[in-house]
Number of protein chains: 2
Amino acid sequence: MTGTRVNEERLLSRLRALGQVGRDAQGRLCRLACTDADKAGRDQFVRWLRDAGLEVQVDRIGNVFGLWRTHESTDTPILIGSHLDTVINGGIFDGSYGVLAGLEVIETMKAQGVAIKHPLAVASFTNEEGTRYSPDMMGSLVYCGGLGVEEALASTGNDGTVLGAELARIGYAGAAEPGFLKVKAYLELHIEQGPILELEGIPIGVVENLQGISWQRVIIEGTANHAGTTPMSMRRDAGYAAARVITFLHDQACASTTATVATVGSISFAPNVINVIPSRATFTVDLRNPNERELKADEAIFGQFLERLAVELGVNLSVERLSRTEPVTFDPRMLSMIEEAARRDGLATKRMTSGAGHDAQMIVRIAPAAMIFVQSTGGISHNPREHTPDPDLVAGANILLQVATRLASE
Amino acid sequence: MTGTRVNEERLLSRLRALGQVGRDAQGRLCRLACTDADKAGRDQFVRWLRDAGLEVQVDRIGNVFGLWRTHESTDTPILIGSHLDTVINGGIFDGSYGVLAGLEVIETMKAQGVAIKHPLAVASFTNEEGTRYSPDMMGSLVYCGGLGVEEALASTGNDGTVLGAELARIGYAGAAEPGFLKVKAYLELHIEQGPILELEGIPIGVVENLQGISWQRVIIEGTANHAGTTPMSMRRDAGYAAARVITFLHDQACASTTATVATVGSISFAPNVINVIPSRATFTVDLRNPNERELKADEAIFGQFLERLAVELGVNLSVERLSRTEPVTFDPRMLSMIEEAARRDGLATKRMTSGAGHDAQMIVRIAPAAMIFVQSTGGISHNPREHTPDPDLVAGANILLQVATRLASE
């Protein structure tokens, strides 16, 4: 089995070809979910599925499946998946690499005539990025029953469109009911989108869990007043209060013995004038931890800090929960299989936590799952400079091939 | 002399009438410099000057003067001034009170037939607020020679207009050369625009100095990265760095034994997305202190902090100086005159620092000057809720009357 290798030419040329599909007038890759650009990417994928002799199925939320079954195989496939949609001005690897590697693996196995007990399927899930419609990871969430298909189809985009109508317009409102394939195991190969593998010189990341993500919006209300005539002791400065929150969150996460990370990525002041004390500060808080108990503790410590700060500074604070996902743990046996395959290929591995969300975190609700990471140069992602060297792309696909083959043979 | 009193009916009714001139479609007071609304306010003022029998003069930068001279008086007038322009959605007292009280005082003195050695003049200076054109306090700055008249007339507004053209359009491009009146002494009566007089229950503020003002823009450059996949130790978070600066400035000013005040009123992050570590934070710093040596020390301490922070956090910092005015000290003898007048009227006084900028800080370059403050309810200004109770408005005008009378008689 270890002798079998994917067709690296084919994999890399498809990745590059797909990376040219869905560019806007400025040359930016913008395959936002259910746009014409997304349709062009899906159409290309479906052509390749058909060329490979796979059975194409589309479900009601627009997830596209390419299936290889034999007379000997059961009806519980090994599913390999990811997504083809991108952010605005995205890179060519995020999502597409996992989908095209899945296709490559199945095509290779089929060509080799591997005897399989379970069918092989590759999936491209709808709207993983969430750039146009909320929530993100929508296709996989609906597939595993975490969100009703009618509710998802009714989602209004930030451009005023309705997802269901757009899906029908581009010809990907399928007939299959989400969840129609009973998945035996799920594999997802993805670029790391972080700096760790490259910094440590390790080619293969074995993702043992996914961080839980807590998103909150904080609004602090103080009093607008003249920057010159208001003594420091009489101020209710919403901007200063926000700065105290930001430093607390950062310093607390740095001092923590857990893997918590905290980010304040967006902020605004009102009235936002050089010589007026801010009456209002609005900002977002992104807290992540791979351990649910620890994430809850982080949230509680943060909430207590806000309460103390409101009293100390005499400001009003309100917190809105924007989204919350629990941490996910992947299947230990599948993680070992990935490590064994890498060992056979002479590749070092590192167990790691994924800081980003992936379709795998949804599918793990209905099947054992695992993820494989390859290096992201400079940790850069969601950016045209997103890059993974060819040998890493090929190495990751060959690990995927081995694990899929083993799972399909059991 | 202490028996003479201004006509409070006339003063208050003019203040209210002028407060209705220059309202926009939403009812907001918007007499921005050199707009049609400003012209309407100026026209009303000029009608009142003529009604009072004063000689009207307009200089090249559009400052409007109403002059009362007698055959016995010299050519060095006592000037009472302030401004008629407002911010967007301003209050009716800021500026207008000082101008109309000046008119009221001169009209009262003239009606009483006070024997004067020096002429009396009231001035409305162009573009004190700086809302449409920079710099603020422009008319008084040009008048005292701090800015060339041609340069000021060439100022481009934030709406793309040129001040000189707008001034000509509204009919206030006068012929007199700025500085044409040789001022013997300058008086300005103004609302406090701060909370101190009201909080301490004192009706009359004797302004002994004006804060120096240091405006800077700070840009911090870090690295945008994924909020989930970037460990805390690998971040170059420009937003966190900005928060550290804001807390430092505030805490430093609170702990200072000097009268320094520090404000960060405006901020922006880039890319300003919930799940991306900010690559850039841009914010303004407003530092004020009535003592130049102390203000310089504040600036130096701030600069040293920025240098240390850049090293500590590995971010790039750049600082742009936006504006800098030195503190101003008013004439001790005139301050004593104000205190004596208040004592005669049975009014408590407080020596104070003005945190806001005023035309007086320009005119003090060419003549001894002083300012009188009256209470601002709740310290609110630049706001439709700006308010001063009628008795305080009248009391302030009567103090002004006594001091102007004494100065004119010397």
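Look up a bit, the structure's there.
Residues numbered from 1 in each chain as written. Chains lettered and ligands numbered in written order. Predicted model: local features only at pLDDT ≥ 70, side-chain atom pairs only at ≥ 80, totals over all residues. Heavy atoms only, no water.

A word on the overall build of chain A
Note the threshold: A run of DSSP states H or I qualifies as a helix once it reaches four residues; a run of E qualifies as a strand once it reaches two. Both are numbered from the N-terminal end. Throughout, the radius of gyration refers to the C-alpha atoms, and the reference size of a globule is 2.2 Å times the residue count to the power 0.38. Type-normalised accessible area, obtained with a 1.4 Å probe on protein chains alone, sets the label of each residue: buried when under 20%, exposed when over 50%, and partly exposed for intermediate values. We call two residues in contact whenever any of their non-hydrogen atoms come within 4.5 Å of each other. For the purpose of counting charges, residues Lys and Arg are taken to be positive, whereas Asp and Glu are taken to be negative. His and the chain ends are not included. A single reference atom marks each charge: NZ on Lys, CZ on Arg, CG on Asp, CD on Glu.
Each helix and strand in chain A was counted, giving 12 helices and 16 strands. In terms of C-alpha radius of gyration, chain A reaches 23 Å, essentially the compact-globule figure of 22 Å for 410 residues. Dimensions along the principal axes, computed over C-alpha positions, put chain A at roughly 80 × 45 × 35 Å. Out of the 410 residues belonging to chain A, those deemed buried represent 61%. Of the contacts formed within chain A by residues at least 6 apart in sequence, a portion of 80% connects residues at least 24 apart. Of the charged side chains in chain A, 38 are positive and 49 negative, and the gap between their average positions amounts to 1 Å.

A closer look at unusual backbone geometry
Residue and element names in this part refer to chain A. In this structure, the amide linkage connecting Ser 134 to the following residue, Pro 135, adopts the cis form with an omega of -5°. Among the structural elements, Pro 135 can be located in the loop between strand E4 (120–124) and helix H4 (138–143). Looking along the chain, the bond that leaves Ala 270 and enters Pro 271 is cis, with omega of 0°. Residue Asn 89 is not a glycine yet carries a positive backbone phi of 60°. Within the secondary structure layout, Asn 89 lies in the loop between strand E3 (78–82) and helix H3 (96–112).

Looking at the side chain of Gln 193 of chain B
Selection criterion: Identification of polar contacts relies on pairs of N or O atoms within 3.5 Å, with a donor-acceptor requirement for protein atoms, meaning one able to donate a hydrogen and the other able to accept it, and with residues adjacent in sequence counted only if both atoms are side-chain atoms.
You can see Gln 193 of chain B is positioned in the loop between strand E5 (185–191) and helix H7 (196–200). A distance of 2.8 Å separates the side chain of Gln 193 of chain B from the side chain of Ser 381 of chain B, its partner in a polar contact. Residues within four places of Gln 193 of chain B in sequence aside, it is in contact with His 226 and Thr 229 of chain A together with Asp 94, Ala 356, His 358, Ser 376, Gly 379, Ser 381 and His 382 of chain B.

Some remarks on the interface of chain B and chain A
In plain terms, the rule: For any pair of parts, buried area is found by adding up, for both, the accessible area (1.4 Å probe) each one loses once the two are put together. Salt bridges are defined as contacts in which a side-chain nitrogen from Lys or Arg sits within 4 Å of a carboxyl oxygen from Asp or Glu.
Contacts between the two partners involve 52 residues from chain B and, on the opposite side, 52 residues from chain A. Note on chain B versus chain A: buried area summed over both sides is about 4,200 Å², and carbon and sulfur give 67% of it. For the chain B face of the interface with chain A, the top three residues by lost area are Met 232, Tyr 240 and Ile 274 of chain B, together amounting to 17%. Applying the counting rule to chain B against chain A returns 0 salt bridges. Counting across the chain B and chain A interface gives 14 residue pairs in polar contact (both at pLDDT 80 or more). Elements with a minimum of two residues in the side of chain B that touches chain A: H7, strand E8 (225–226), helix H8 (238–255), strand E9 (261–263), strand E10 (267–270), strand E11 (276–277) and strand E12 (280–289) of chain B.

A look at the relation of the copies chain B and chain A
Selection criterion: Least squares is the method used to superpose the copies, on C-alpha atoms of residues holding a pLDDT of at least 70 in both.
When chain B is fitted to chain A, the best match, at an RMSD of 0.1 Å, comes from turning it 180° and sliding it 0.1 Å along the axis. The symmetry that links the two subunits is that of a two-fold axis. Scanning chain B for the C-alpha nearest the rotation axis identifies Ala 243 of chain B, at a separation of 2.1 Å. Same-surface contact between copies: 100% of interface residues of chain B are shared with the interface of chain A.

What to know about the pairing of strand E16 (residues 369–374) of chain B
Residues and elements named next belong to chain B. As a reminder of what qualifies: Here, a strand pair is defined by DSSP locating no fewer than two bridges between the strands.
A large share of E16 lies buried, amounting to 6 of its 6 residues. Pairing of E5 with E16 involves 6 bridges; the strand directions are parallel. Counted as the bridge partner of Ile 191 is Val 374 from E16. In this structure, strand E6 (residues 204–210) lies alongside E16, joined through 4 bridges in antiparallel fashion. Across the sheet, Ile 204 pairs through a bridge with Val 374, a residue of E16.

A look at the environment of Gly 81 of chain A
All names here are of chain A. Mapped onto the secondary structure, Gly 81 falls in strand E3. Measuring from C-alpha to C-alpha, the distance between Gly 81 and Leu 103 comes to 9.2 Å, with 22 residues separating the pair along the chain. Excluding residues within four positions of it along the chain, Gly 81 makes contact with Ala 123, Phe 125, Tyr 186, Leu 187 and Glu 188.

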